[in-house]
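Read off the chains here:
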Amino acid sequence: MSLINKELNDFKLNVYQDDTFKTLTKKDLLGKWSVLFFYPADFTFVCPTELEDLAASYDEFKKIGCEIYSVSCDTHFVHKAWHDHSEAIKKVTYPMVGDPTGALARDCDVYIADEGTAERGTFIISPEGRIAAYEVSSGSVGRNADELLRKVEACQFVHENGDQVCPARWKPGMKTLKPGIDLVGKI
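Residues numbered from 1 in each chain as written. Predicted model: local features only at pLDDT ≥ 70, side-chain atom pairs only at ≥ 80, totals over all residues. Heavy atoms only, no water.

K.L.:
Help me understand the sheet that holds strand β9 (residues 131–137), please; the structure alone is not making it clear to me.
P.N.:
Each strand in a sheet pairs with another by means of backbone hydrogen bonds, the pair being arranged parallel or else antiparallel. Sheet architecture is open: 7 strands sit in the order β2-β1-β5-β4-β3-β8-β9, paired in mixed fashion. Of all strands in the sheet, those with a lone pairing partner are β2 (20–25) and β9, marking the two edges. In this sheet, adjacent strand axes meet at a mean angle of 25° when their direction is disregarded. Two elements, strand β3 (residues 33–38) and strand β4 (residues 66–72), share 6 bridges in a ladder whose sense is parallel. If you follow W33 over to β4, its bridge partner there is C66. Here helix α3 (residues 76–85) sits on the sheet in contact with β1 (12–17), β2, β4 and β5 (96–98), set at roughly 15° to β1. Where helix α5 (residues 145–160) meets the sheet, it contacts β3, β4, β8 (120–125) and β9, and its direction lies at approximately 145° from that of β3. (Pairing = 2+ DSSP bridges. Helix = DSSP H or I, 4+ residues; strand = E, 2+ residues; numbered from the N terminus. Axes fitted to C-alpha atoms, helices over the stretch in contact; angles between N-to-C directions. Contact = heavy atoms within 4.5 Å.)

K.L.:
Whenever I open this one, the environment of I125 confuses me. Can you help?
P.N.:
Examined against the element boundaries, I125 turns out to sit in strand β8. It is 8.9 Å that separates the C-alpha atoms of I125 and E7, two residues lying 118 residues apart in sequence. Setting aside residues up to four positions removed in sequence, I125 forms contacts with L8, L29, K32, W33, S34, L36, R130 and I131.

K.L.:
Help me understand the UniProt feature "active site" (unreviewed entry) in the protein, please; the structure alone is not making it clear to me.
P.N.:
What UniProt calls "active site" (unreviewed entry) maps, in this numbering, to C47. The residue C47 is located in helix α2 (residues 46–63) in this model. In this structure C47 comes out as buried when scored by relative accessible area, which is 1%. In this structure C47 touches Y39, P40, A41, W82 and R120, once residues within four positions along its chain are discounted. (UniProt positions renumbered as here; feature names shortened; annotations may be inferred. Buried < 20%, exposed > 50% of the residue type's maximum accessible area, 1.4 Å probe, protein only.)

K.L.:
Can you help me understand the pattern of salt bridges in this one?
P.N.:
Oppositely charged side chains can pair when the atoms bearing their charge come close. All told, the structure shown has 14 salt bridges when counted by the stated rule. Across the salt bridge formed by E50 and R143, the nearest N and O atoms sit 2.7 Å from each other. Highlighted residues: E50 in helix α2 and R143 in the loop between β9 and α5, separated in sequence by 93 residues. Neither residue differs from the other here; E50 and R143 are each classed as buried. (Salt bridge = Lys/Arg side-chain N within 4 Å of Asp/Glu carboxyl O.)

As structure tokens, this is what we get:
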């Protein structure tokens, strides 16, 4: 079953960011675009490369009004320890969410019960708290922040311009498509 347009359930989780601990709830996501970036575990191998890549693009996400939340089933304490010890993770300034019970991972259907970890799931959340787009990748394949940024921009455009759609490789300022009978078979 597709998760597109699914509204996130209420949650309350602990976050590590800027050398402090905070609380994050569903309400904090409302009113802006968000990305929930699930990864299997701290102190692993592919995960720090992804989080470092996101850190390098974080300002670009903020410019378009989108917050990044990395999420694993580790605690916020483990996130701090990883941040203190990893050169790649020291670059992370966006919120690192601890989901030790897997509640949010279960809600997004990426929880691996046998391992107590999450799949590599990426969820673009609309300002209404609904899943606008998502992708789940193999645990051994890292994701690309540039492509994620492009997808968020496309979701934002379609959200604001519902009668238009974004073709492959679309970026802001490029031509969109307006579906209709006159377009059938012309592409």
